Amino acid sequence: MTELRLAHLTDPHLPFGLPTDYEWLSKRGLSGLSWLRKRREMHRREVAEALRADLLAASPDVIAVTGDLVNFGLEREFRAARRWLETLGQPEHVLAIPGNHDALAGPWQRHMAHHWQGYTDGDARPFLRQHGRVALIGVSTATVTPPLMASGRVGAQAMAEVEALITAARQSRHCPIVLMHHPPTPITSRRKGLADRTAMARMLNRAGAALVLHGHTHLREMSFLDGADGKIPVLGLPSFSMAPGHHQPPGAWRMLEIAEDTGNWRLTMRERGLDATSRIVERTPVRLTLPGAA
């Protein structure tokens with residue numbers, strides 16, 4: 001019996017305008033130049049809208065967005081992104097966590113707390129959403145970094161809170177799924193990686209996470225962490241708005257079906273995304289047994 005049908009999308013990089021005036025004087029200036037030079041042709045609103053319609057037609061129970069909804073961390077972007085989140089559904093069915101572009105500069109946490117209220121935790125602390133016997137645990141890796149850096153950090157306090165949430169989920173025989181922007185495995189460079197990745201990986205092992213979903217890389221990723229009860233799958237996917245014809249795979253989203261079967265948690269992952277001709281296709285499903293007994 002399927003416990004939860006979870007739709008995962010990431011890195012939509014919604015185009016809500018460029019920095020203006022003094023805003024160019026911060027790190028936003030470099031990011032704005034990158035947008036004008038190449039990224040505006042890669043991240044296309046029409047791609048995100050086509051995939052959004054496809055996702056909603058599948059009627060998932062819950063939708064998870066793992067960061068980089070916007071590009072420059074501007075308040076007007078957070079306000080517009082709230083309206084976009086509302087097109088996905090109400091907060092009880094949609095959750096979002098921030099990415100490095102959401103935290104590019106300025107008081108991004110205040111903007112997120114005000115405009116994304118309900119869709120994420122107000123102060124970027126780890127938060128829990130229970131759906132049946134599945135525990136979705138959102139953790140922010142977003143932090144303001146120097147120019148040319150796109151790294152993230154969880155922090156010791158947040159890491160301890162995540163461990164407590166995973167442990168409690170295990171004790172109540174729930175399936176703990178961790179949602180974060182930066183991957184906790186060594187698949188990115190130091191410039192773009194999670195600064196406290198090693199500590200996070202050890203904690204996920206110790207606490208017994210069943211699954212980790214991330215964004216950030218814009219690639220179709222499957223890596224693994226050692227876990228107390230077996231290998232923990234760590235899954236990333238392409239940017240939700242990536243147009244075909246670039247060095248990264250075109251936009252996609254995934255339906256993750258979590259089910260209990262003969263004492264184990266089973267995952268069936270179906271990916272739908274654009275092919276080279278901009279047609280939406282479904283790729284071969286992947287089935288995994290998640291660590292930890294149900």
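The preceding data block contains the structure.
These numbers come from a predicted model, not from an experiment.

Calculation rules
- Residues numbered from 1 in each chain as written.
- Predicted model: local features only at pLDDT ≥ 70, side-chain atom pairs only at ≥ 80, totals over all residues.
- Heavy atoms only, no water.
- Pairing = 2+ DSSP bridges.
- Helix = DSSP H or I, 4+ residues; strand = E, 2+ residues; numbered from the N terminus.
- Axes fitted to C-alpha atoms, helices over the stretch in contact; angles between N-to-C directions.
- Buried < 20%, exposed > 50% of the residue type's maximum accessible area, 1.4 Å probe, protein only.
- Contact = heavy atoms within 4.5 Å.
- Nonpolar A, V, L, I, M, F, W, Y, C, P; charged D, E, K, R; others polar.
- Phe/Tyr/Trp six-rings, centres within 6.5 Å; stacked < 30°, edge-to-face > 60°.
- Arc of directions from axis to C-beta.
- Patch = residues over 30% accessible without salt bridge, like charges linked within 9 Å, V, L, I, M, F, W, Y side chains within 5 Å.
- Areas by Shrake-Rupley, 256 points an atom, 1.4 Å probe, with all protein chains shown as cover.
- Salt bridge = Lys/Arg side-chain N within 4 Å of Asp/Glu carboxyl O.
- Lys, Arg positive; Asp, Glu negative; His and termini not counted.
- Charge placed at Lys NZ, Arg CZ, Asp CG, Glu CD.

1. Some details on the sheet that holds strand β9 (residues 230-236)
Taken together, six strands build an open sheet; the order of strands is β4-β5-β6-β7-β9-β8 and the sheet is mixed. In this open sheet, the two edge strands, each paired with only one partner strand, are β4 (127-131) and β8 (221-227). Recorded for the sheet is a direction-independent mean angle of 25° between the axes of neighbouring strands.

2. Details of the pairing of β4
Along a regular strand, successive side chains alternate from one face of the sheet to the other. Only one face of β4 is covered, namely the face carrying Phe 127, Arg 129 and His 131; the face carrying Leu 128 and Gln 130 is uncovered. As paired elements, β4 and strand β5 (residues 134-138) share five bridges and run antiparallel to each other. Each residue of the ladder has a partner; that of His 131, found in β5, is Val 134. In sequence, β4 turns back onto β5 through a hairpin of two residues, with Gly 132 there showing a positive phi of about 60°.

3. Quick look at the packing of helix α2 (residues 45-57) against helix α3 (residues 75-88)
One can describe the packing of α2 onto α3 by two numbers: an axis separation of 10 Å at closest approach and a directional angle of 35°. In this structure, α2 uses Glu 49, Arg 52 and Leu 56 to contact α3, whose residues at the interface are Trp 84, Thr 87 and Leu 88. In terms of residue class, the contact of α2 with α3 is built from three nonpolar, one polar and two charged.

4. Describing the side chain of Glu 271
Examined against the element boundaries, Glu 271 turns out to sit in strand β11 (residues 264-274). Judged by relative accessible area, Glu 271 falls into the buried class, the value being 6%. The contacts of Glu 271, once residues within four sequence positions are left out, are Arg 220, Ala 252, Trp 253, Arg 254, Val 281, Glu 282 and Arg 283.

5. A closer look at the packing of aromatic side chains
Applying the stated criterion across every chain, the model contains two aromatic pairs. Ring centres of Phe 78 and Trp 116 lie 4.9 Å apart, and the angle between their planes is 50°; on these two criteria the pair is classed as tilted. In this pair, Phe 78 is assigned in helix α3 and Trp 116 in the loop between α4 (108-115) and β4, connecting sequence segments 38 residues apart. Of the two residues, Phe 78 and Trp 116, both sit in the buried class. Between the aromatic rings of Trp 84 and Phe 240, the centroid separation amounts to 6.2 Å while the plane-to-plane angle is 70°, which identifies the pairing as edge-to-face. Pair noted here: Trp 84 is in helix α3 and Phe 240 is in the loop between β9 and β10 (252-261), with a separation of 156 residues, a long-range link. When sorted by exposure, Trp 84 lands in the same class as Phe 240, which is buried.

6. Observations regarding α4
Among the residues of α4, Trp 108, His 111, Met 112 and His 115 are the ones counted as buried. What you see down the axis of α4 is that its buried residues fit within an arc of 95°, all on one side. Exposed positions of α4 whose direction lies more than 90 degrees from the buried face are Arg 110 and His 114. Packed against the buried residues of α4 are α3.

7. Brief notes about a positive patch on the surface
A cluster of basic residues, Arg 37, Lys 38, Arg 191 and Lys 192, forms a positive patch at the surface. When you line up the elements, Arg 191 lands in the loop between β6 (175-179) and α6 (197-207). Owing to a relative accessible area of 39%, Arg 191 belongs among the partly exposed residues under this scheme.

8. Concerning the pairing of β11
Sheet topology places β10 next to β11; 10 bridges connect them, and they run antiparallel. Within β11, the residue paired with Met 255 across the bridge is Arg 270. Pairing of β11 with strand β13 (residues 286-293), which is carried by six bridges, proceeds in the antiparallel orientation. In the strand pairing of β13, Trp 265 is matched with Leu 290. Taken together, the three bridges between β11 and strand β12 (residues 280-282) define a ladder with antiparallel strand orientation. Residue pairing in the sheet places Arg 272 in a bridge with Glu 282 of β12. The hairpin turn running from β11 into β12, its antiparallel successor, is five residues long, and Ser 278 in that turn takes a positive phi close to 70°.

9. A closer look at the environment of Phe 16
Topologically, Phe 16 is positioned in the loop between β1 (2-9) and α1 (28-42). As for Phe 16 and Arg 110, which are separated by 94 residues in sequence, their C-alpha atoms are 19 Å apart. In this view, Phe 16 contacts Arg 45, Val 70, Glu 77, Ala 80 and Ala 81; residues no more than four positions away in its chain are not counted.

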